[in-house]
Every structure is written in structure tokens, then in C-alpha cells.
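Coordinate inspection notes
Take a look at the letters that make up each chain.
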Amino acid sequence: MSKKTGAKEPRDAAAPAAEAAAPPVDPRLLVREEGFAGYWSEFRRKLRSGELGSLPVVVGLIVIGLVFQLRDSAFLGAENLSNLFVTAAGTGLIAVGIVFVLILGEIDLSVGSVSGLAAAVLAVLNVHHGVPEWLALVIALVTGALAGVLHGFFFARIGVPAFVVTLAGLLGWNGLMLQVLGSNGTINLDDSGLVADLTNHYFTDISAAYGLATLGAAVFFLASWRDSRRREAAGVPSRPLSEIVLRTAVLAVPAYAVAWLLNQYKGLPLALVIFLGVVVALDFVLRRTSYGRKIFALGGSVEAARRAGVNVAAVRISVFALSGTMAALGGMFLASQINAANQSSGAGSLLMNAIAAAVIGGTSLFGGRGSTWSALLGVLVIQSIASGMALLGIASAVQYMITGAVLLAAVVIDSLSRRTQKTAGRV
């Protein structure tokens, strides 16, 4: 009897202690309660654990802007910035497709050739065969998608490494482009047509640029507020309204500044509107849909994704199809800049710039991490370097070296970040 009583005593004594124990508190709630000091501590913790996000590229953009502005005051002028955005659109759209492939942990070396082939198909159909320009553009985009499906099929179904498949595509589609263009080698497009307008049309009404800035800030605020209310209703940590307002202001200030600058020149470029629209739409696909989660899952672990019921082959094929489509769309913008399709379409440094833009912007070469905003930030870095060098009259050889150094720095930061996160148990 005494043994039984003695056996119960520890449990009876522990019961009041368990009841008196405080419930676990989410660290993010403590951060917000501590105010600025809490956020500063959280920022330092993220730096130590390698959770850098887009911070390095944003800091890099600021440094690049300051350096070139001090050397030439025209760098941050309305005309130069407007031209920078328009020129960046073509390469940036291609880089968006590259982001999806990199998240899978793969590579697509064919995007330059696919963009050139799409431009050639458009030009031949429209100029030589009289196909309406809008229909020729659709067929050109379908051509890019089919090229991507072919790459994805050989990779996902046959088992050929993506590097080899897309390297073959780089050579093969470039040859087909030359064949399609014929002996002349250059086909001029209608300078007042649909494709020409992609980079030559501007919304001159000042309300267009300010309206886009307002729309962006409003959508960001509403999306953040809605997400916060949903999290609050579910009983999980959520951002307070004051933080949402502050984040919206941080976004709105540069947005309105850019809108003001654009209105000092020709107005809001159509190319920028389309580029931002694609980035936002595909960012939603990546972060808010089951399809996007499947892509991230494959980039994290193919076997784990397969065991979770993900159709690995279908997702891989669809990602390469998307990459081909984005390459074709980027090719339309590049053709619009010169108002022609020629033998140099998709050649030169286009492929390397598209891949570099995705990586510099923060997409990991190791797969499983990235965002369409990476393409936007990365291409702005590359185009800012090119624009600044051109203003200062510096040789293109130096531009290549600097871009290469920036790319290497981005990969080094990514590698160190992953190593730090692994040490901290975050990966």
C-alpha cells in the first residue's frame, strides 16, 4: 500500500508544476512585442544563420547606383532609367523561365537559341507568308513551348541529363533558326506593328505611371492584410497592421519615385508593364499554388517528392515548357528592340546574362530556393552595370569581367549561406 502511495507522489507533485508551466510562445511574437530592438535582434539572427534573402542584391543595386551616379549624373536620369527598364525586359523575361528550371536544381542552356528561333518564326510567317502579326506571335510562343517540351521529355522520360539535352538544343535550334531565316539572314519587321510596340510604346499620360505605382502598393497592402487576418483567425503569428503599413510605405516610396522619373521622359514603357505583370503572375504560381509547391519540393528532394505523390516527370516537362515559352517571349522583346530577326538573334552573351540574372538575383544553383523577383533584381544589376559602363565609355571587356565577378560573388554568397544554414540546422 505504501509502495503504491509512494509511486503516485511524484506524478501528483508534478501535476501542479505542469499546470503552472507557461504555454510555449512563438519567437516571432516576442520579436514584435520587443519593437525595434526585437526586429534588430531577429535581423542579426538571420544574418548569422545565413537567411540573407534578397538583401545582398538590393545592397548591390544601391552601391552600383551610387557609384555610377557619382561618376555621371545622367545615370539616374529619366532617359537612362527608362531605357534601362526597356532593355532589361527581354533578358529578364528569359531569366524568369530560368528561375523555374534552377529551382528544380537543373539548367537550361537552350534559351538563347530558342528565343532566336521564335523571332525567326515570327518574322518569316508575318513578312514572307502574310500571317497576321498577332497569330505569328502566338505561333512563335508555341514554338518555344514545344522546344521546351522536347527538352523536358528527353530529360524526364528518357533520362538524358538536362545539361546535355539543352546543350544539344542550343546547337540544334540555332541551326534551325539559320535555316528558317534563309540566305538573306535578316528580316525586318513592321516598325509600327505589334512586336515593334513591345519596346517602343509608352503610356504618356502621367496617371499611368502613378496609377501602376498605386496599384502595386494597394495590392501589396491588401494581400499582406488578408494574409495576416487569415493567420490570426487560424491562431498562428501574424503581422500587426502597423508593420503592414510600414512595409507598404517602404515599397511605395521607390515605386512613386520611379513613376515620377519615368514621367519626366516619355512616360510608362509598355515593356516594363508586361515584365512586371509576368513577374507578379508567375510569382503567384510559385508561392500560392500546389504546382509551385511541387516545383520547390522537387528542387529539395526528388525522391521525397515522388513518395509524396508528385508526378515528377510531368512537373519537369512542364517547367522546361515554361522555360521555352519565356525564352520565346523574351525573344519577341529582343526582336522589337532592333525591329528585326537576324542571324545574331539569341546569340552573344544573352544566355549567360539570363542565367546570371537569375543567380545574381538570389535563385540558388543547388535547387529548392528562388523567386521570379530574383530575375527582376538580377537583370537590373546586369543592365545597370552595362548602362553605367556605356555612359562612362568603358570597354565591353571590362563590363564582362565585372559581371563575371558579380556572378561569382552571388554564387559564393549562396554557397556560404547554405553552409551556414546547414550548420544552424536550417537545411
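Everything in this summary refers to the structure shown in the same document. As the structure is a computational prediction, the values presented were derived from the model and not from experiment.

Each helix and strand counted, the chain has 18 helices and four strands in total. Among the 427 residues that make up the chain, the fraction classed as buried is 42%. For the chain, long-range pairs separated by at least 24 residues make up 78% of all intrachain contacts whose partners lie at least 6 apart in sequence. Surface exposure of the chain reaches about 21500 Å², of which carbon and sulfur atoms provide 65%.

A separate point is the layout of surface pockets. Taken as a whole, the second largest pocket holds about 450 Å³ of empty space. What lines the second largest pocket is a set of 24 residues, and nearest its centre among them are Thr91, Leu334, Gln337, Ala347 and Leu350. Elements supplying a minimum of two residues to the lining of the second largest pocket: α5 (78-103), α6 (111-128), α15 (312-338), α16 (350-360) and α17 (372-392). Here the lining of the second largest pocket gets five residues from one element, more than from any other, and that element is α15. Looking at the lining of the second largest pocket, its residues break down into nine nonpolar, 15 polar and no charged.

Next up on the list: α16. Among the eleven residues of α16, nine are classified as buried, and the element is accordingly described as predominantly covered. Among the residues making up α16, those that are buried are Leu350, Leu351, Ala354, Ile355, Ala356, Ala357, Ala358, Val359 and Ile360.

On to unusual backbone geometry, then. A positive phi angle, close to 55 degrees, is found at Asn339, a residue other than glycine. Relative to the helices and strands, Asn339 resides in the loop between α15 and β4 (340-342).

Turning our attention to the side chain of His151. Inspection of the secondary structure assignment puts His151 in helix α7 (residues 133-158). Assessed through its relative accessible area of 4%, His151 is described here as buried. Once residues lying within four places of it in the same chain are set aside, the contact partners of His151 are Asp108, Ser110, Val114, Val165, Thr166, Gly169, Trp173 and Phe320.

Here helix α4 (residues 55-71) contains 17 residues, and its C-alpha end-to-end distance of 25 Å stays within 8% of the 24 Å for a straight helix at 1.5 Å per residue. Burial in α4 covers these residues: Val57, Ile64, Gly65 and Phe68. Angular distribution of buried residues about the axis of α4 spans 100 degrees; they occupy a single face of the element. Facing away from the buried side of α4 by more than 90 degrees, the exposed set consists of Ile62, Leu66 and Leu70. Contacts made by the buried residues of α4 are with α16 and α17.

Turning our eyes to something else, we now look at the nonpolar core. In terms of nonpolar packing, the biggest core is built from 97 residues, with Val96, Phe100, Leu122, Phe275, Ile295, Met326 and Met332 touching the most fellow members. By residue number, the principal contributor to this core is α5, which donates 16 residues. With sequence-adjacent residues up to four places away left out, Met326 is seen in contact with Leu93, Ile94, Val96, Gly97, Val278 and Leu282.

Attention shifts here to the packing of α5 against α15. As a packed pair, α5 and α15 sit with axes 8 Å apart at the nearest point and diverge in direction by 170 degrees. As far as their axial angle goes, α15 and α5 are roughly antiparallel. For the pair formed by α5 and α15, the contact residues are Val86, Thr87, Ala89, Gly90, Thr91, Leu93, Ile94, Val96, Gly97, Ile98, Phe100 and Val101 on the first element and Val319, Phe320, Leu322, Ser323, Met326, Ala327, Leu329, Gly330, Phe333, Leu334 and Gln337 on the second. Here the contact of α5 with α15 is composed, by residue class, of 16 nonpolar, seven polar and no charged.

Checked against the element boundaries, Glu133 lands in helix α7. It is Lys266 that comes nearest to the buried, bridge-free Glu133 among opposite-charge side chains, at 18 Å. Among the polar contacts listed, one links the side chain of Glu133 to the backbone nitrogen of Leu194, at a separation of 2.7 Å. In this view, Glu133 contacts Leu122, Asn126, Gly193, Leu194 and Val195; residues no more than four positions away in its chain are not counted.

Contact geometry for helix α10 (residues 206-233) and helix α11 (residues 241-263): axes closest at 9 Å, N-to-C directions at 165 degrees. Comparing the axis directions of α10 and α11 gives the class roughly antiparallel. Handedness of the α10/α11 crossing: right-handed. Residues Ile206, Ala209, Tyr210, Ala213, Thr214, Gly216, Ala217, Phe220, Phe221, Ser224, Trp225 and Ser228 of α10 pack against Leu241, Ile244, Val245, Arg247, Thr248, Leu251, Ala252, Ala255, Tyr256, Ala259, Trp260 and Asn263 of α11. Class assignment of the residues belonging to the contact of α10 with α11 gives a composition of 17 nonpolar, six polar and one charged.

All right, on to the environment of Val180 then. Considering the arrangement of structural elements, one finds Val180 in helix α8 (residues 162-181). Considering only alpha carbons, one finds Val180 and Val121, 59 residues apart in sequence, at a separation of 7.0 Å. Aside from chain neighbours lying at most four places away, what touches Val180 is Leu117, Ala120, Val121 and Val124.

Here we take up the pattern of salt bridges. Any two side chains of opposite charge can pair, given that their charged atoms come close. Using the criterion set out here, one finds five salt bridges in the structure. Ionic pairing is found between Glu243 and Arg247, a salt bridge with its closest N-O pair at 3.2 Å. Separated by four residues within a single helix, Glu243 and Arg247 lie in helix α11, roughly one turn from each other. Overall, Glu243 belongs to the buried group, its relative accessible area being 9%. For the salt bridge of Glu303 with Arg306, the shortest nitrogen-to-oxygen distance reads 3.0 Å. Highlighted residues: Glu303 and Arg306, both in helix α14 (residues 302-307), separated by three residues, approximately one helical turn.

A cluster of nonpolar side chains, namely Trp134, Leu135, Val138, Ile139, Val142, Leu146 and Leu194, defines an oily patch on the protein surface of about 620 Å² accessible area. Broken down by element, the residue count for the nonpolar patch peaks at six residues, all from α7. Tracing the chain through its elements places Leu135 in helix α7. Its relative accessible area of 31% is what places Leu135 among the partly exposed residues.

Parameters and conventions
- Residues numbered from 1 in each chain as written.
- Predicted model: local features only at pLDDT ≥ 70, side-chain atom pairs only at ≥ 80, totals over all residues.
- Heavy atoms only, no water.
- Helix = DSSP H or I, 4+ residues; strand = E, 2+ residues; numbered from the N terminus.
- Buried < 20%, exposed > 50% of the residue type's maximum accessible area, 1.4 Å probe, protein only.
- Contact = heavy atoms within 4.5 Å.
- Areas by Shrake-Rupley, 256 points an atom, 1.4 Å probe, with all protein chains shown as cover.
- 1 Å grid on protein atoms, 1.4 Å probe; cavity = no way out; pocket = protein on both sides within 12 Å on 5 of 7 lines; lining within 4 Å.
- Points joined across faces, edges and corners; volume = space filled by probe spheres on them.
- Nonpolar A, V, L, I, M, F, W, Y, C, P; charged D, E, K, R; others polar.
- Expected span 1.5 Å × (residues − 1).
- Arc of directions from axis to C-beta.
- Core = buried A, V, L, I, M, F, W, Y, C linked by side-chain atoms within 4.5 Å.
- Axes fitted to C-alpha atoms, helices over the stretch in contact; angles between N-to-C directions.
- Parallel < 35°, antiparallel > 145°, perpendicular 65-115°, else oblique.
- Lys, Arg positive; Asp, Glu negative; His and termini not counted.
- Salt bridge = Lys/Arg side-chain N within 4 Å of Asp/Glu carboxyl O.
- Polar contact = N/O pair within 3.5 Å; in protein donor to acceptor, adjacent residues only side chain to side chain.
- Left-handed = near helix turned anticlockwise from the far one by under 90°.
- Patch = residues over 30% accessible without salt bridge, like charges linked within 9 Å, V, L, I, M, F, W, Y side chains within 5 Å.

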